[in-house]
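Chain by chain, the residues:
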Amino acid sequence: MNLDNGCGASDARKSLSVEEARRIILETLSPLSGWERVATRAALGRILTEDVVAPCNVPAHDNSAMDGYAVRADDLSADSESTLQVVGTAFAGRGFSGIVGKGQAVRIMTGGVMPMGADTIVVQEVARLEGDRVSVPGGIRRGQNVRRAGEDLAEGAVAIARGKLVGPAELGLIASLGIPEVSVARRLRVAFFSTGDELASIGRPLAPGEVYDSNRYTLHGALTRLGCELLDMGVIPDRPEALEAAFRDAAAASDVVLTTGGVSVGEADFIRELMERLGEVSFWKIDIKPGRPMAFGRIGNTWMFGLPGNPVAVMVTYYQFVMDALLKIAGLDPLPQRPMVPVVCTTPIRKLSGRREYLRGQLFAEDGVWKVRSASAQGSGILRSMSEANCFIVLNESRGEVAPGDTVDVQLFDGLV
Ligand code: AMP
Ligand code: MG
């Protein structure tokens, strides 16, 4: 494993672009093995480890796409009205058991199985029923409004490829195939702790100079949403023995260890020394704001991400580097493309070139047009800015200042499904 890319522990002065850091991380990681069988409903939010193959045709039978009449195209005149005798009805789930003979039609509902002999559906809107006789206009196309067996999925076809995250559509699709259970990757075990002598856990008053540890709560939320099994190890003081014990315990118990704090210049040397003994970890400076320092590597078989301490920097680095890394380890394949949407920015933004900045933005509609403004407080310690935002405004390395009216890229916090 080469994590250095010319800027490892031996040379922490060079810095990496966001893209380089992401590339190194994603190329270095490999998916876990380990899977379990779960009932279809319980697969929500899990990653499939086997293709879901259609055990039957979907739909299983030729059936009607509309309410109307099942007829034989040969009985119809091309350019004038034809009159047929209605000999029965086919409902969805209760078909017509006879055969449609010459000059005959069967009343049929949407989803009703095509009666034997019939090959075409005439929609009820164009048909005229009088007693047991139905008249249909000319110009009806053979096979019209018939859904063919296997049209959605042929028996044996891959309905969902392995590596896919199961969402509501996949649950429904699996159920539509009559499959009661599927194989999914085992949940990723993630251990995490906060480092810092100044940190207090909630539930007791703050001593002078202390701050409450928020990072473990943010990470608890983000990791829970990702479906990980969590091991919250609390706050670890900036002492080598305590940190060493925490790293050893965390690595022994998990697939991934996440830490926050203690990777900035000054503090990093401390953890770096420890990492040289315990594992293979590189300390990076990344051309990103917020979140410049970050550590990445492994301790034994466990991956390790050392995030910065600032609460907003934790969220930015988590979402830009760690989340997709965890998804890859968990077996997601392919990783999702994360859409960047260009919109007009209504506020000025100061920006230094040479690094990528992630500002907290508020996307809003004005006169039917979507625009974005930057959240008022952008300090990397101000979590409220994340709470009030609904997107990141992403300003690339080469970008300079933003004037009101300029177009910027945004990355939405929420997806629909
Ligand atoms: P560090 O990266 O350890 O130098 O921390 C940078 C800043 O983030 C300092 O002001 C810390 O007090 C703050 N910080 C670090 N960890 C946490 C945490 N878990 N919760 C809230 N603030 C933190
Ligand atoms: Mg610290």
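This one's a predicted model, so the numbers in the text were calculated from it and none came from an experiment.

**Describing empty space enclosed by the protein**
The final tally for this structure, using the stated rule, is one cavity of 30 Å³ or more. In this structure, the largest cavity occupies an estimated 140 Å³ of space. Along the walls of the largest cavity sit 14 residues, with Gly45, Ile47, Leu226, Gly227 and Ala330 positioned nearest its centre. Looking at the lining of the largest cavity element by element, the count peaks at three residues for helix H6 (residues 311-330). Class assignment for the residues of the lining of the largest cavity results in nine nonpolar, two polar and three charged. Residue-level mapping places the lining of the largest cavity at the junction of two domains, with at least three residues from each of domain 1 (9-34 + 186-330) and domain 2 (37-58 + 162-185).

**Points about the nonpolar core**
The biggest cluster of nonpolar side chains holds 44 residues, and the ones touching the most others in it are Ile25, Leu223, Leu258, Phe305, Tyr318 and Phe321. Taken together, the elements giving at least two residues each to this core come down to helix H1 (18-28), strand S13 (189-195), helix H3 (215-225), strand S17 (256-260), strand S20 (293-299), strand S21 (302-307), H6 and strand S25 (391-395). If you tally residues by element for this core, the top one is H6, at 13 residues. Shared between two domains, this core holds at least three residues of each, these being domain 1 (9-34 + 186-330) and domain 4 (341-412). If you look at the next biggest cluster of nonpolar residues, it comprises 20 residues, including Leu243, Val257, Leu274 and Met304.

**Quick word on the layout of surface pockets**
Its boundaries defined by the atoms lining it, the largest pocket holds a volume of some 2000 Å³. Looking at the lining of the largest pocket, the elements with two or more residues in it are H1, helix H2 (168-176), H3, H6, strand S23 (356-366) and strand S26 (407-412). Broken down by element, the residue count for the lining of the largest pocket peaks at seven residues, all from H6. Among the residues forming the lining of the largest pocket, the class breakdown is 28 nonpolar, 10 polar and 11 charged. Those elements giving two or more residues to the lining of the second largest pocket turn out to be S13, strand S15 (211-212), strand S19 (288-289) and H6. Taken together, the residues of the lining of the second largest pocket break down into 10 nonpolar, 13 polar and six charged.

**A look at a nonpolar patch on the surface**
Together, Ile202, Leu206, Tyr212 and Tyr217 make up an exposed nonpolar region whose accessible area comes to about 390 Å². Residue placement: tyrosine 217 occurs in helix H3. Given a relative accessible area of 45%, tyrosine 217 falls into the partly exposed group.

**Overview of the sheet that holds strand S16 (residues 229-236)**
Strand-to-strand pairing in sheets goes through backbone hydrogen bonds, with the strands running parallel or antiparallel. In space, the six strands of this open sheet follow the order S16-S13-S17-S21-S20-S18, with mixed pairing throughout. Each having just a single partner strand, S16 and strand S18 (280-285) make up the two edges of the open sheet. Ignoring which end each strand starts from, the neighbouring axes of this sheet average 15° apart.

**Quick look at the site of ligand 1**
In the vicinity of ligand 1 there are 14 residues, among which Glu198, Asp213, Ser214, Gly262 and Glu267 approach most closely. Note that an oxygen atom of ligand 1 is positioned 2.9 Å from one of the backbone N or O atoms of glycine 262. A majority-of-atoms criterion places ligand 1 in the second largest pocket. Of the residues assigned to the shell around ligand 1, the class counts are three nonpolar, eight polar and three charged.

**What to know about the packing of H1 against H6**
Where H1 meets H6, the closest approach of the two axes is 10 Å, and the angle between their N-to-C directions is 20°. It follows that H1 is roughly parallel to H6 by the angle criterion. By crossing handedness, the relation of H1 to H6 is classed as right-handed. Where H1 approaches H6, its residues Val18, Ala21, Arg22, Ile25 and Leu26 are matched on the opposing element by Gln320, Phe321, Asp324, Ala325 and Lys328. Of the residues that constitute the contact of H1 with H6, the class distribution is six nonpolar, one polar and three charged.

**A closer look at the pairing of strand S5 (residues 82-90)**
As paired strands, S5 and strand S9 (residues 133-136) are joined by four bridges and run antiparallel to one another. Looking across to S9, one finds that glutamine 85 is bridged to arginine 133. Pairing between S5 and strand S6 (residues 104-108): four bridges, direction parallel. Bridge assignment links threonine 89 to a residue of S6, and that residue is arginine 107.

**Considerations on the pattern of salt bridges**
Applying the stated criterion to the full structure yields 25 salt bridges. Residue arginine 37 pairs with glutamate 181 through a salt bridge whose shortest N-O separation is 3.5 Å. You can see arginine 37 sitting in strand S1 (residues 35-39) and its partner glutamate 181 sitting in strand S12 (residues 181-185), a full 144 residues away along the chain. Taking the relative accessible area as the measure of exposure, arginine 37 reaches 41% and is therefore partly exposed. Through salt bridges with shared partners, one network takes in Glu19, Arg356 and Glu397.

**A closer look at the domain arrangement of the protein**
Domain parsing of the protein yields domain 1 (9-34 + 186-330), domain 2 (37-58 + 162-185), domain 3 (63-147) and domain 4 (341-412). Domain 2 and domain 4 are separated by 38 Å when their C-alpha centres are compared.

**Let's talk about the packing of H3 against H6**
Relative orientation of the contacting elements H3 and H6 amounts to 30°, with a least axis distance of 11 Å. Relative to H6, the element H3 lies roughly parallel. Seen from above, H3 lies across H6 with right-handed handedness. From H3, Asn215, Thr218, Leu219, Ala222 and Leu223 reach across to H6, where they touch Pro311, Val314, Met315, Tyr318, Tyr319 and Leu326.

The rules we used
As a convention, each chain's residues are numbered from 1 in the sequence order in which they are written. Chains and ligands are labelled by the order in which they are written, letters from A for the one and numbers from 1 for the other. Local features in this predicted model are restricted to residues whose pLDDT is 70 or higher, and side-chain atom pairs enter the listing and the counts only when it is 80 or higher, whereas totals over whole chains, interfaces and linings include all residues. Side-chain descriptors were evaluated using all non-hydrogen atoms of the structure, hydrogens and water having been removed beforehand. Detection works on a 1 Å grid of protein atoms alone, calling trapped sets that fit a 1.4 Å probe cavities and calling open sets with protein on both sides within 12 Å along at least five of seven lines pockets, with lining residues defined by an atom within 4 Å of a point. Grid points are joined across faces, edges and corners, and a volume is the space filled by probe spheres set on the points. Numbered from the N terminus, helices here are DSSP runs of H or I no shorter than four residues, and strands are runs of E no shorter than two. Residues are grouped as follows: Ala, Val, Leu, Ile, Met, Phe, Trp, Tyr, Cys and Pro are nonpolar; Asp, Glu, Lys and Arg are charged; every other residue, Gly included, is polar. All the domain ranges listed were derived from an automatic or database domain assignment. Here, nonpolar core refers to any group of buried Ala, Val, Leu, Ile, Met, Phe, Trp, Tyr and Cys residues whose side-chain atoms link them within 4.5 Å. For every residue, the accessible area (1.4 Å probe, protein chains only) is compared with the maximum for its type, and the residue is labelled buried under 20%, exposed over 50%, or partly exposed between those bounds. Patch criteria: residues need more than 30% relative accessible area and no salt bridge. Like-charged residues are merged within 9 Å; nonpolar side chains of Val, Leu, Ile, Met, Phe, Trp and Tyr are merged within 5 Å. Residue burial considers only the protein chains on display, and all accessible areas are found by Shrake-Rupley using a 1.4 Å probe. One speaks of a salt bridge when a side-chain nitrogen belonging to Lys or Arg is within 4 Å of a carboxyl oxygen belonging to Asp or Glu. For two strands to be treated as a pair, DSSP must find at least two bridges joining them. All axes are obtained by fitting lines to C-alpha atoms, using only the stretch in contact for helices, and the reported angles, taken between N-to-C directions, cover 0 to 180 degrees. Nearness of a residue to a molecule or strand requires only that one of the residue's heavy atoms be within 4 Å of it. The term polar contact refers here to a pair of N or O atoms within 3.5 Å; inside protein, the definition further demands a hydrogen-donor-capable atom paired with an acceptor-capable atom, and it admits residues adjacent in sequence only when both atoms are side-chain atoms. Whether a molecule sits in a cavity or pocket is decided by its atoms, more than half of which must lie within 2 Å of the grid points. Angle categories are assigned with fixed cut-offs, so that under 35 degrees is roughly parallel, over 145 is roughly antiparallel, 65 to 115 is roughly perpendicular, and the rest are oblique. Each crossing gets its hand from how the near helix is turned against the far one by less than a right angle, where anticlockwise is left-handed and clockwise is right-handed. By definition, residues are in contact when any of their heavy atoms lie within 4.5 Å.

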